[in-house]
Each structure stands twice: as structure tokens, then as C-alpha cells.
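# Close look at the chain arrangement
Chain by chain, the residues run as shown.
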2 protein chains.
Amino acid sequence: MTVTLKQLAASLGLSPTTVSRALNGFPEVNPATRKRILQAAAEVEYRPNTRAKSLATGRAQAIGHVIPVSTSHEIVNPIFADFIAGAGETYSSAGYEMILRIVPDEEEARAYRDLVARGSVDGVMVHAPLRHDPRVALLSELGLPFLVHGRTSDVARPYSWLDINNQRAFRRATQFLTEFGHRRIALINGLENMDFVHRRRNGYLDALREAGLPVDEALMRNGEMTEPYGYRAVTEMVQLPDPPTAFLASSMIVAYGLRRGLADLGLRMGRDVSIITHDDDLSYLPNQGDVPVFTTTKSSVREAGRRAARMLLQLVEEPGTGPLTQLMESALVVGASTGPVRK
Amino acid sequence: MTVTLKQLAASLGLSPTTVSRALNGFPEVNPATRKRILQAAAEVEYRPNTRAKSLATGRAQAIGHVIPVSTSHEIVNPIFADFIAGAGETYSSAGYEMILRIVPDEEEARAYRDLVARGSVDGVMVHAPLRHDPRVALLSELGLPFLVHGRTSDVARPYSWLDINNQRAFRRATQFLTEFGHRRIALINGLENMDFVHRRRNGYLDALREAGLPVDEALMRNGEMTEPYGYRAVTEMVQLPDPPTAFLASSMIVAYGLRRGLADLGLRMGRDVSIITHDDDLSYLPNQGDVPVFTTTKSSVREAGRRAARMLLQLVEEPGTGPLTQLMESALVVGASTGPVRK
DNA sequence: AACGCTATCCAAAGCGCTTTGGAAATCATG
DNA sequence: CATGATTTCCAAAGCGCTTTGGATAGCGTT
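First things first, this report covers the structure right here in the doc. Quick caveat: nothing in here was measured; it's all calculated off a predicted structure. Every chain's residues receive numbers from 1 upward, in the order its sequence appears when written. A letter from A marks each chain and a number from 1 marks each ligand, given out in the order of writing. This being a predicted model, a pLDDT of at least 70 is required before a residue's local features are given, and a value of 80 or more before pairs of side-chain atoms are given or counted; all residues contribute to the totals for chains, interfaces and linings. Based on all heavy atoms of the structure, the side-chain values leave hydrogens and waters out of the count.

### Some thoughts on the sheet that holds strand S2 (residues 97-104) of chain B
As a reminder, the rule being used: Two strands are said to pair when DSSP picks up at least two bridges between them. In this text, helices come from DSSP runs of H or I with a minimum length of four residues, and strands from runs of E with a minimum of two, each type numbered from the N-terminal end. Here an angle of 0 to 180 degrees is reported between the N-to-C directions of two axes, which are lines fitted to C-alpha atoms, with helices fitted over the stretch in contact.
What the twelve strands build is an open sheet, ordered S11(A)-S5(A)-S4(A)-S3(A)-S1(A)-S2(A)-S2(B)-S1(B)-S3(B)-S4(B)-S5(B)-S11(B); its pairing is mixed. The open sheet is flanked by strand S11 (325-328) of chain A together with strand S11 (325-328) of chain B, the only strands paired with a single partner. Between one strand and the next, the sheet's axes are offset by a mean angle of 20 degrees, whatever the strand orientation.

### Regarding the protein's contact with DNA strand C
Heads up, the rule is: Whether a residue is near a molecule or strand depends on its heavy atoms: if one lies within 4 Å, it is near. For this analysis, a polar contact is any N or O atom pair within 3.5 Å, provided that within protein one partner can donate a hydrogen and the other can accept it, and provided that sequence-adjacent residues contribute only side-chain to side-chain pairs. Amino acids outside the nonpolar list (Ala, Val, Leu, Ile, Met, Phe, Trp, Tyr, Cys, Pro) and the charged list (Asp, Glu, Lys, Arg) are all regarded as polar, and Gly is one of them.
In the vicinity of DNA strand C lie 28 residues, with Leu-5 and Ser-20 of chain A together with Thr-17, Thr-18 and Thr-33 of chain B positioned nearest. Of all atoms in DNA strand C that approach within 4 Å of the protein, 59% are sugar or phosphate atoms. Between Thr-17 of chain B and DNA strand C, the recorded distance is 2.7 Å, taken from a side-chain N or O atom to a base nitrogen. Within the contact set of DNA strand C, a phosphate oxygen lies 2.8 Å away from a side-chain nitrogen or oxygen of Thr-18 of chain B. Every element with two or more residues in the surface near DNA strand C is listed here: helix H2 (16-23) and helix H4 (50-57) of chain A together with helix H2 (16-23), helix H3 (31-43) and helix H4 (50-57) of chain B. Split by residue class, the surface near DNA strand C holds eleven nonpolar, twelve polar and five charged.

### Looking at the pattern of salt bridges
The line we're drawing: For this document, the term salt bridge refers to a Lys or Arg side-chain nitrogen within 4 Å of an Asp or Glu carboxyl oxygen. Relative accessibility decides the category of a residue: with a 1.4 Å probe and only protein chains considered, values under 20% of the type maximum give buried, values over 50% give exposed, and everything between is partly exposed.
Summed over all chains, the structure comprises 50 salt bridges over all chains. In this structure, the salt-bridge partner of Arg-101 of chain A is Glu-97 of chain B, at a minimum N-O distance of 2.5 Å. Taken together, the residues Arg-101 of chain A in strand S2 (residues 97-104) and Glu-97 of chain B in strand S2 connect one chain to another. What makes Glu-97 of chain B buried here is its relative accessible area of 10%. Among the charged side chains, a salt-bridge network with shared partners connects Arg-47 and Glu-97 of chain A together with Arg-101, Asp-114 and Arg-118 of chain B.

### Structural notes on the relation of the copies chain A and chain B
This is how it is decided: When the copies are superposed, the least-squares fit takes in the C-alpha atoms of residues with a pLDDT of at least 70 in both. Whether two residues touch is decided by their heavy atoms; if any such pair falls within 4.5 Å, the residues are in contact.
Under the fitted operation, chain A is carried onto chain B by 0.0 Å of movement along the axis and a turn of 180 degrees, and the coordinates agree to an RMSD of 0.1 Å. Accordingly, the operation relating the two chain copies is best matched by a two-fold axis. For chain A, the minimum C-alpha distance to the rotation axis belongs to Ile-99 of chain A and amounts to 2.2 Å. Of the residues that chain A buries at the interface, 100% are likewise interface residues in chain B, meaning the two copies contact each other through the same surface.

### Considering the nonpolar core
We count it as follows: To form a nonpolar core, buried Ala, Val, Leu, Ile, Met, Phe, Trp, Tyr and Cys residues must be joined to one another through side-chain atoms within 4.5 Å.
Core analysis: the largest hydrophobic core is formed by 135 residues, its most contacted members being Tyr-91 and Leu-100 of chain A together with Tyr-91 and Leu-100 of chain B. Within the second largest apolar cluster, 42 residues are counted, among which are Val-66, Val-136, Leu-144 and Tyr-159 of chain B.

### Brief notes about the protein's contact with DNA strand D
In the vicinity of DNA strand D lie 27 residues, with Thr-18, Asn-30 and Thr-33 of chain A together with Leu-5 and Ser-20 of chain B positioned nearest. Within the side chain of Thr-17 of chain A, a nitrogen or oxygen atom sits 2.8 Å from a base nitrogen of DNA strand D. Secondary-structure elements contributing two or more residues to the surface near DNA strand D are H2 and H4 of chain A together with H2 and H4 of chain B. Here the surface near DNA strand D gets four residues from one element, more than from any other, and that element is H4 of chain B. Tallied by class, the residues present in the surface near DNA strand D amount to ten nonpolar, twelve polar and five charged.

### Let's talk about empty space enclosed by the protein
Residue and element names in this part refer to chain A. To be explicit about the condition: The rule is simple: put a 1 Å grid over the protein atoms alone, call a set of points where a 1.4 Å probe fits but cannot get out a cavity, call an open set with protein on both sides within 12 Å along at least five of seven lines a pocket, and count a residue as lining if it has an atom within 4 Å of a point. Grid points are joined across faces, edges and corners, and a volume is the space filled by probe spheres set on the points.
All told, the structure shown has two cavities of 30 Å³ or more when counted by the stated rule. Within this model, the largest cavity holds a volume of roughly 170 Å³. Estimates place the volume of the second largest cavity at around 40 Å³. What lines the second largest cavity is simply Arg-183, Arg-184, Ile-185, Tyr-204, Leu-208, Pro-214, Val-215, Asp-216 and Leu-219. Residues belonging to the lining of the second largest cavity are distributed by class as follows: six nonpolar, no polar and three charged.

### Details of the sheet that holds strand S12 (residues 331-333) of chain A
Residues and elements named next belong to chain A. A sheet is described by the order of its strands in space; here six strands give the open sequence S7-S6-S8-S9-S10-S12, paired in mixed fashion. Since the sheet does not close on itself, it has two edges, and those belong to strand S7 (220-222) and S12, each with one partner. Strand-to-strand twist across the sheet, computed as the mean angle between neighbouring axes with direction ignored, equals 15 degrees. Along the sheet, helix H10 (residues 227-237) contacts strand S6 (185-189), S7 and strand S8 (246-249); its crossing angle with S7, the most-contacted strand, is approximately 155 degrees.

### Some thoughts on the interface of chain A and chain B
For the record, the criterion: As used here, buried area is the combined drop in accessible area, with a 1.4 Å probe, of two parts when they are placed together.
In this assembly, 55 residues from chain A lie in contact with 55 residues from chain B. Taken together, both faces of the contact between chain A and chain B bury some 5000 Å²; the carbon and sulfur share is 56%. Taken as a group, Arg-47, Arg-51 and Tyr-284 of chain A account for 16% of the area that chain A buries against chain B, more than any other trio of residues on that side. Taken together, chain A and chain B are joined by six salt bridges. Summed over the shared surface of chain A and chain B, the result is 21 residue pairs in polar contact (both at pLDDT 80 or more). Elements with a minimum of two residues in the side of chain A that touches chain B: H4, strand S1 (62-69), helix H5 (79-93), S2, helix H6 (108-117), H10, helix H11 (252-265) and helix H12 (301-317) of chain A. Looking at side-chain class alone, the side of chain A that touches chain B contains 29 nonpolar, ten polar and 16 charged residues. With three bridges joining them, S2 of chain A and S2 of chain B adopt antiparallel strand pairing. Along S2 of chain B, the bridge assignment pairs Leu-100 of chain A with Met-98 of chain B.

This is the structure we're talking about:
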């Protein structure tokens, strides 16, 4: 059964103090004794009780992820699983526990306060930041180390984040299309209140401006990034007097919807209509092959999870470390979904 | 800042004992005093320190989910996010923490032992059971309450699980197709070592037998359930001397691949070729509308998460409760992807 | 008036660990 | 060989809570 420090110490004829020091690598213990202790500990598979340890040390050895679930649309972000997987790997190997809280979004603030008050975590990861996100201010105030996956746009004080360069990615993607002669490019974006949506649009607008192309509101959409959303976008836009010849999609799933729409319309992707989508490189939606199916702005969200976790752990373990930030670039990977505009 | 029981007691001129009893609803405290205590506690937003509490009570108030990540294929199951979301809701409202461990699959057993030894959890959820899954025996031996999402096939002793009736679902789906006159039906299944894959195949085989149809190995595939996997399956099978007229897909993502394959081949889904897929009702892959795009065997994995969590909590809170099992049926929802066989 | 109950509160121990402040033994040093 | 410095160990307190085993006061009974 589970063996405690005290029992282990007794079985060795030593005090708990010495055993604890030996196990935790303190210097003041005879090498021979230490060896004996380590051996015995390994033999009985001793593991310190997490709760006791963290009560004594004051550190939770755990990182929290609070996932708000909107009671209205109930969408669970599909990138969530891969990000968590990446972050979780890092936590595990650093000896941290990952604790997840799924809460209705109106209770998110309370969840953070609760985690702090109960001393359940040493830091938290902030998911899916909004353009104006109150969480940054809240967490700064609470004094809990945190790292934002993404950014938010109106915060006075600096904070730590890891983001991909959404603006640059979408500017490059748009440029790529304009260079192929496309002049009517649609942007099938995510929900308006998300911060990344805003940045992607900026990149798109930058490129249009640089190419001297007009902005047409009719070619820009915001919505929950589902497959039917993509489908609807393309089937409706094709009926415009001057329909788009190219589409920028905000996710692979949306791109699937676009593709289906094109197929139903009898249009060939890459010839009649071009598509570029952002690809989070989700493990179950691979876009590979000699020539990938889609041209994408690609960036592994799993890798983002790994890096974000590493940064957060640093913030936790070295308090006073200035805000940490990291901007990941995404690759523009050319696949079969783009081509010169048809005359 | 964070206030402790002792501080709260001191500020009220009471002993920690009384405050603790008042907060935990014990009878031996004067109603007036209790009210005073509750008020003060609410005012300073007192929350008992989780670790201290669980050290004292011996209960972790936490449920573990161990997610093995294969180092070889690295696929994170897409249903994972929705299941977790469902389970998480339940845990939260029951006052339990959810702790997640992402571990390389060869270390999974160690992860369970570790969780037990450290006393980090009161129970665990077992994901993605294999046909022959060693975890059930391991966990029984460890004496840790657990619930399996799915089933495994060769375990002597009874265990608790929640599963969908995969066999029945796939039998009905196959029947539905045979009744439409299909005689060449392909089964695009998941990885062979997964338990549900086996059950689905059994359902499929049952229906073929009932319809007096021969089994053709060339029409059955196993593989990681990605979009390209579906695509490859259909494009290759169509070249068979006697190609299938209908496909059973094991997930929505696979069905997307099938659909793309058909489109590339110039075949119309629902007319030239029929498709039925299992639909886990993932929030970001909706299959709705007056006439859904796909005919599916549908069962919400989110709801499964909710129920599984409830069952697990019951096992944890009422030890000695016999093994709990629940078999959910999935609905056969008719969409636009099926039709009578073309002559 | 003495008694036993009951209601209400508290002191103290304990959960399993870490950590402070010695104590004892060993060592080098003059 | 006495002295101070090191090395090596341990007792005890403490982390924030629960819980056992009283203590005290107020109450109704006889």
C-alpha cells in the first residue's frame, strides 16, 4: 500500500527529516546514508503525497487551465485538444499537474478567484483571448502568474503571451493571392470578438491596400468556425454580382466547408477558385503529401502548447521574471488549392 | 489576500473548530453563530485551502484523466475535447477538480501508480479502451475507482463502463443500406486494436449475414481516422473490379474524406454512392439542417462525458457500489448521403 | 436544590510533508 | 589535548484544515 515518509524513515531507523533531505537532494546528508535511503525509496516505490508536500512548501505544483464554455453556442474549440496535449507533455515532464476547469463563461472570473483562494494552482493558462479581455486585468490584480495563448488588444500593463503572427500570416496569404492576379478575395473569419480575428483581418486589409485593391464588406464574414459556416459562405458569395475568385479561411474545418460548397457548385478548387486556410496542424486533420491539398498558413498549435507551458513554468518558478512574450511565425505552405485567377 | 480558517475564526472571536463545523453544516452550532460565520465567510470570500482540506479528510476531491499519447502516430483523439467538456461540467458542479495527465503511452501504467501513490485523485476515467486493455486489471489491482469510456473484451472480473451500442448502431446502419439494395458495402473502420472497432465490425457482419450477403475483406479497412484516410479508401476501392456502392465511416472526419474522394471522382454522394457515418455530435462539426448532409448513427460524446462523470463520482462517493454500466443507444438519423442503389 | 440533559463551544491531535534550530560526533588545528 | 569548525543527524514546529474528546453553561426534572 501507499507508504509514507514516516514509515519509510522508521523502516530505515532514521528520522523523517533525514529521509526528506536525502530525497530532495539537500547536501547535509552522508552519501552512504543517502544511497541507502534512495534505494529503499525506490524499492517500496515511495512517492511523496502531493497534498502534504504542497501544503508544507506552499507551492501547488499545478497549473490551471480554465475553459469557458458558452452556454449559448456550446462550441468547444477544436484546437483545444492539441494545445492541451502539447502543454500537458511539458507539465508532466516538469513534475507539474495540469488541472482543468470547465465553467460556464459567466463564471470564469469566479473560477480564477476560486483557484487562487484555494491555493490550487501556481499559475494559469488563458485560452482564446478576446479583443477586449477582462481576464488579463483580473489575473494581474490577483497576482497569479499567467500566460495568454494569443493576445488581447487594449491592455495598459504588459503581460505574458505566446501568439502566432496572425497579421503577417494573413497579409502574406493575401499577397500570394493578389500576385496570382486575384482581385476579389473573400475573408471567412472567426467570431468578431476574438482577438486573432481582428489581427487576421488587419493583415488581409494591409495586403489589399498594398495591392491597391478596394475593400468590399460583402466579401468579409465573421462566424463560428464550423464546416457548414464555410459551406454557406461560399454558396452565398458566389451569387454576388462580382463573386470572389479566392477565399481565405480561418481554419481547416471552415476550408472543408468551402471545398464542399465549391464541389456542389461544380467549381474546381485551385483552378476556378483558390483557397488559402490557416492550418493549426491538428493531428487528425493532416494536410500533407507531396503536394498538400490546401495552401495554408501553417503553425502547429501543439508546439505552441509546449512552448506556452514552458514559458508559464518559467514565470512560476522565477517570480519577478519580466513579462515573457513570444511571437511564432507561420509558414506559407503551397498546396493544390491555389492558382492564378481564371480569365 | 487569501484568508485562512484560523484568521477568520480569530476575527470572529471563535475557535477554528466552530467555524469549520459551521461552514461544513454540522449540527452542533448555534443558528445565530452559524449565520454570523457564514456572513463573515462570504464577506471575505473565504475558501478552504484544497490541499489542507484533502490532507485532513483523506479525500482528494479530484478525478484524474490519463491521456496516453502515442509517440509513434501522435494523434490526439478529436472526440477528447467534447468528452472532457461534458465530464468537466459535471465535476465542477460537484466540487471536484479534474486533473489531466498527458503521458507517452508506454508510461501510462506508471502514471496510474503515481496518481495513487501521491494520493492525487479519488478516481480515474479510462479513455479509448483497447480490445485487450491491461488498464482494467491494473486499476482493479490498485483499488482505485475507475470508469471506462467504452469497453474492453477479455476481462474476467466485472468493471464499470459507459459505452454506446456500437454493434447495434452499425448493424442498423448496414441494414438500412441493404434495404436500399446495396450489396457491396465498405467498412472504413478505426485502428484494429481499439475495442469499438471490433464491435462495429461485428454489427456490420451481423447485418451482412442477416441479408445473406458475402463478406469481402477487400471492402474492410482499418486505420487512423483522419480525413486523408477516408479519401484514400474511396479512391482506391472504386478501382475494385466490383466496387462498393455504399460506405460506412467510423467518424465524421473520415466521412469528409470519403466525400472529397467521391467529388474528385465525379460521383454524387447519396445518388451514385451512399455514405453512413458515425457522428459523435462534436460541437464544431455539426450535421444539422432540415435534411442533414450525412446519414449518421448519432450519439453525443459530450453527453457521454456528462454521464460517465456522474457514474464515476457515484463510484467514488459510495464505495462498494457494484460495478456500474450504461449502454447508450445511438440514433439513426437519415440525411442526404444515402439513397437506393443505382442500377 | 441537586441532578442529568442538551446545546454550544473549544483545545489539541493529526493528515504527510518541509524546515528551523539545535545536538552529537567527527575533524582539523594550534 | 583542548578548541573551534564541520559534518551528520534529529526533535519539533508548522502548513491549513478536520475531528475527537472534553468543558461549560443553560435547561427542565424530581
